[in-house]
Amino acid sequence: MPDMSASVSLAMTHLVPLAKEVDENKVTPGVLGFIVFAAMAVAVWGLMKSMSKHMGKVDFKEPTDPEQTSAAGTGKPSSTS
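What you see as residue numbers is a count from 1 along each chain, following the sequence as written. Reporting in this predicted model follows two pLDDT cut-offs: at least 70 for local features of residues, and 80 or more for side-chain atom pairs to be given and counted; totals over whole chains, interfaces and linings ignore these cut-offs and use all residues. Water and hydrogen atoms were dropped before computing side-chain values, which therefore reflect all heavy atoms in the structure.

Q: Explain the overall build of the protein chain to me, please; I cannot follow it from the model alone.
A: Only DSSP runs of H or I with at least four residues qualify as helices, and only runs of E with at least two residues qualify as strands; both kinds are numbered from the N terminus onward. Counting its regular elements, the protein chain contains three helices and zero strands. Counted from the first residue to the last, the protein chain has its helices and strands arranged as α-α-α. Only protein chains enter the calculation, and the probe is 1.4 Å; a residue is then buried if its accessible area is under 20% of its type maximum, exposed if over 50%, and partly exposed in between. Within the span of the protein chain, comprising 81 residues, buried residues form 0% of the whole. Split by element, the accessible area of the protein chain, about 8,100 Å² in all, is 68% carbon and sulfur. Under the convention used here, a 1.4 Å probe and the Shrake-Rupley method define accessible areas, while residue burial counts only the protein chains that appear.

Q: How should I be thinking about a nonpolar patch on the surface in this particular structure?
A: Taken together, Met51, Met55, Val58 and Phe60 make up a surface patch of nonpolar side chains, about 440 Å² in accessible area. Mapped onto the elements, Met51 comes out in helix H2 (residues 30-56). Two joining distances apply to patches: 9 Å for like charges and 5 Å for nonpolar side chains (Val, Leu, Ile, Met, Phe, Trp, Tyr), and every residue must have over 30% relative accessible area and no salt bridge. What counts as a salt bridge is simple: a side-chain nitrogen of Lys or Arg found within 4 Å of a carboxyl oxygen of Asp or Glu.

Q: So what exactly am I meant to see when it comes to the confidence of the model for the protein chain here?
A: Caution is warranted with low-pLDDT regions, since their predicted coordinates should not be read in detail. Each residue gets a pLDDT score, which is the predictor's confidence in that residue and runs from 0 to 100. On average, residues of the protein chain carry a pLDDT of 76, and 57% of them reach 70 or more. Mean pLDDT values for the elements of the protein chain range from 64 in helix H1 (residues 4-21) up to 95 in H2.

This is how it looks when you write it as structure tokens:
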């Protein structure tokens with residue numbers, strides 16, 4: 001593998017002059033911040049759309065219990081009469 005210190009020193013010589021041009025009192029997220037925010041927004045939108053689709057498939061009615069309907073439907077006489 002090539003020596004990494006040479007590429008690091010080369011990158012530093014090109015990036016340090018760019019860093020001096022930036023106003024030290026002004027900090028902005030820049031393009032990278034916007035791209036990250038947009039990617040997160042698209043991911044949340046996709047998750048919400050998927051959740052909505054899955055929630056549409058859910059049946060909220062409880063199934064009737066077969067034992068309960070057979071006991072109620074037979075009309076058993078109560079012991080209190």
